[in-house]
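Tertiary structure, described
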Amino acid sequence: MYKLVEGVVQFDILCGVPYAALHLATCIANDHGLNNVLLRKVVKQYGTGKLIEGVYKEGQKCLVVEDVMVSGQGIYESCESLKSQGVEATDVLLVLDREQNGERNLKKQGIRLHCLIRVSEALDILLKHKRIDAELSNEVMRFLKANPANIPFTKAEDHQRTSQINKLLPFDERAALCSNPVSKKLFTIMHEKHTNLCLSADVTTVDMLLKLADQVGPHICMLKTHVDILEDFTTAAVAQLVELSQKHNFVIFEDRKFSDIGSTVKQQYAGGLYKIADWSEVTTAHSIPGPGIVQALQAVGSPKDRACVLLAEMSSKGNLTNASYSVATVNMAREYSDFVIGFISQSKLTSDPTLLHMTPGVKNTDKGDNLGQQYVNAADAVTLRGADIIIVGRGITQAADPVAAANEYKNLGYESYENLRTQQKSDE
């Protein structure tokens, strides 16, 4: 395999596309005495905090190694990540090309492919040696041609944003990078109030909601509602909540978790009893229905300067979200980055500084409840799970002194973020 590039491609280091191709790159490097580096998908908020592990210098050329290619997106993202660290990455050594548009996709981005075998060639070999028949070979090729894979390439300015991938930026600097007015406002609030605390105000009466909002408002950046559990909801009540949000400078966040087809969601968001888009600056949606749900919400929300957060991971035991679902959700957020401002998550999913990671299930005392909720303490949510915003509910609403509890969570969350930044600076 290495003979495909030996003496043909000039490079200084070798890197496998994380994580399936790491063993290939390692074996090639060991066999030929080459310098191999490890590229992370996500920068850890502890340890070295580096995107690339290994010995390299800016300006060096890297040969990227991959096992199987469909669209070429993994290769493209790896090359962009390497470029963000000053490493040139334009050549790829590939084992198998499934011939579903990958080579053409990469060629558009100036990436050259050096392929060991294509799926059509593999089928010809199998057919020649009578391992398969012509009918199966034709069926496979018909399927591949009928299912081309394209990449939603990010814009040049997005690459500039992700060049900050190895840095944990202050909230005001992250605000300056945002195009969505809500994310810009939210980061600014976090910076000015020194808080990354979101109160989950899961109470059942308007009086309780407004009392909590007024008491805890000075300590939070967001207030999260589940408006459909209010027993005495009125439009006048949300008008009062909006006034309190302006008084205490926090963002209102209705955790609606939309999950239907686009046309239904559009009506649920704009109308009905609650008219969520009229008063809630942020709302949540599942990505499982596909991009139509974001398009529907955006059609209603963007003219009102609203924003959406996608559910990528959940805190409940036995939930059905998995790694593939989370990756697809991140890709959807990138495609609609002017409206989607982040994720509900339990881990760091992307290092784009304009996207927020909001971690629910934060409570410092209990491990969980009898309905499957699993808690994480505030410091670990930020330090180990990469949360930008901690979402705290019962830790505040059921506290003997909700104001004191809110102040404690505010300090823990914000200080944990700043401590990470300080640690990162000292490691540079």
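Here the structure is shown first, and the text comes after it.
Residues numbered from 1 in each chain as written. Predicted model: local features only at pLDDT ≥ 70, side-chain atom pairs only at ≥ 80, totals over all residues. Heavy atoms only, no water.

Across its full length, the chain carries 16 helices and 14 strands. Here the chain has a C-alpha radius of gyration of 24 Å; the compact-globule value for 428 residues is 22 Å, and the two agree. Judged by the C-alpha coordinates and their principal axes, the chain covers about 75 × 55 × 40 Å. Classification of the 428 residues of the chain by burial places 51% in the buried group. Considering only contacts within the chain whose residues lie at least 6 apart along the sequence, 69% involve residues at least 24 apart. Carbon and sulfur atoms provide 50% of the accessible area of the chain, an area that totals close to 19,900 Å². Taking the average location of the 45 positive side-chain charges in the chain and that of its 51 negative ones, the two points are 3 Å from each other. (Helix = DSSP H or I, 4+ residues; strand = E, 2+ residues; numbered from the N terminus. Rg over C-alpha atoms; globule rule 2.2 N^0.38 Å. Buried < 20%, exposed > 50% of the residue type's maximum accessible area, 1.4 Å probe, protein only. Contact = heavy atoms within 4.5 Å. Areas by Shrake-Rupley, 256 points an atom, 1.4 Å probe, with all protein chains shown as cover. Lys, Arg positive; Asp, Glu negative; His and termini not counted. Charge placed at Lys NZ, Arg CZ, Asp CG, Glu CD.)

Moving on: helix H13 (residues 323–335). With 13 residues, H13 extends 19 Å from end C-alpha to end C-alpha; this agrees with the ideal 18 Å at 1.5 Å per step. When we look at burial in H13, the residues that qualify are Tyr-325, Ser-326, Thr-329, Val-330, Asn-331, Met-332 and Ala-333. Structurally, H13 contributes buried residues whose contacts are with helix H2 (73–84), strand E10 (282–286), helix H12 (291–301), strand E11 (307–311) and strand E12 (340–344). (Expected span 1.5 Å × (residues − 1).)

Taken as a whole and assessed by the stated rule, the structure comprises 14 salt bridges. One salt bridge in this structure joins Lys-304 and Asp-278, with 3.1 Å as the shortest N-O distance. Placement of the pair is Lys-304 in the loop between H12 and E11 and Asp-278 in the loop between helix H11 (262–270) and E10, with a sequence separation of 26 residues. In this structure, Asp-388 and Lys-348 form a salt bridge, with 4.0 Å as the shortest nitrogen-oxygen distance. (Salt bridge = Lys/Arg side-chain N within 4 Å of Asp/Glu carboxyl O.)

Moving on: the packing of H11 against H12. Between H11 and H12, the least distance of the axes is 8 Å, while the angle of their chain directions is 35 degrees. The element H11 and its partner H12 pack so that their crossing is right-handed. Listed contacts from H12 to Gly-262, Val-265, Lys-266, Tyr-269 and Ala-270 of H11 are Gly-292, Ile-293, Ala-296, Leu-297, Ala-299, Val-300 and Gly-301. Grouping the constituent residues of the contact of H11 with H12 by class yields 8 nonpolar, 3 polar and 1 charged. (Axes fitted to C-alpha atoms, helices over the stretch in contact; angles between N-to-C directions. Left-handed = near helix turned anticlockwise from the far one by under 90°. Nonpolar A, V, L, I, M, F, W, Y, C, P; charged D, E, K, R; others polar.)

For the bond running from Pro-18 to Tyr-19, omega is 0 degrees, close enough to zero to count as cis. Counting through the fold element by element, Tyr-19 comes out in the loop between strand E1 (13–16) and helix H1 (22–32). For Glu-99, which is not a glycine, the phi torsion comes out positive at approximately 55 degrees. Its place among the elements puts Glu-99 in the loop between strand E5 (88–97) and helix H3 (102–108).

Another point: the sheet that holds E5. Within the open sheet, the 6 strands sit side by side as E3-E2-E1-E4-E5-E6. Their pairing is mixed. Both outer strands of the open sheet, strand E3 (52–53) and strand E6 (112–118), are each paired with one neighbouring strand and no more. Sheet topology places E1 next to strand E2 (residues 36–39); 2 bridges connect them, and they run parallel. For Leu-14, the partnering residue across the bridge sits in E2 and is Asn-36. The sheet strands contacting H2 are E1, E2, E3, strand E4 (61–69) and E5, and the helix crosses E4 at an angle near 160 degrees. (Pairing = 2+ DSSP bridges.)

Turning our eyes to something else, we now look at the sheet that holds strand E7 (residues 197–200). The 8 strands are arranged E7-E8-E9-E10-E11-E12-E13-E14 in a closed barrel whose pairing can be described as parallel. The sheet shows a mean angle of 30 degrees between the axes of neighbouring strands, taken without regard to direction. Judged from the 4 bridges that link them, strand E8 (residues 222–225) and strand E9 (residues 251–258) form a sheet pairing that is parallel. Bridged to Thr-225 within E9 is Glu-254. The strands touched by H12 within the sheet are E9, E10, E11 and E12, with E10 carrying the most contacts at an inclination of about 160 degrees.

In E2, alternate side chains face the same way, and those of Val-37 and Leu-39 are buried while those of Asn-36 and Leu-38 on the opposite face are not. Taken together, E1, H1 and E2 constitute a β-α-β crossover, and its handedness is right-handed. Both E2 and E3 contribute to a ladder of 2 bridges, which runs antiparallel. Each residue of the ladder has a partner; that of Leu-39, found in E3, is Ile-52. (Right-handed = clockwise from strand over helix to strand, strands pointing away.)

What follows is about H12. Within the span of H12, buried status applies to Ile-293, Val-294, Ala-296, Leu-297, Gln-298, Val-300 and Gly-301. Residues of H12 that are buried sit in contact with E9, H11, E10, E11, H13 and E12.

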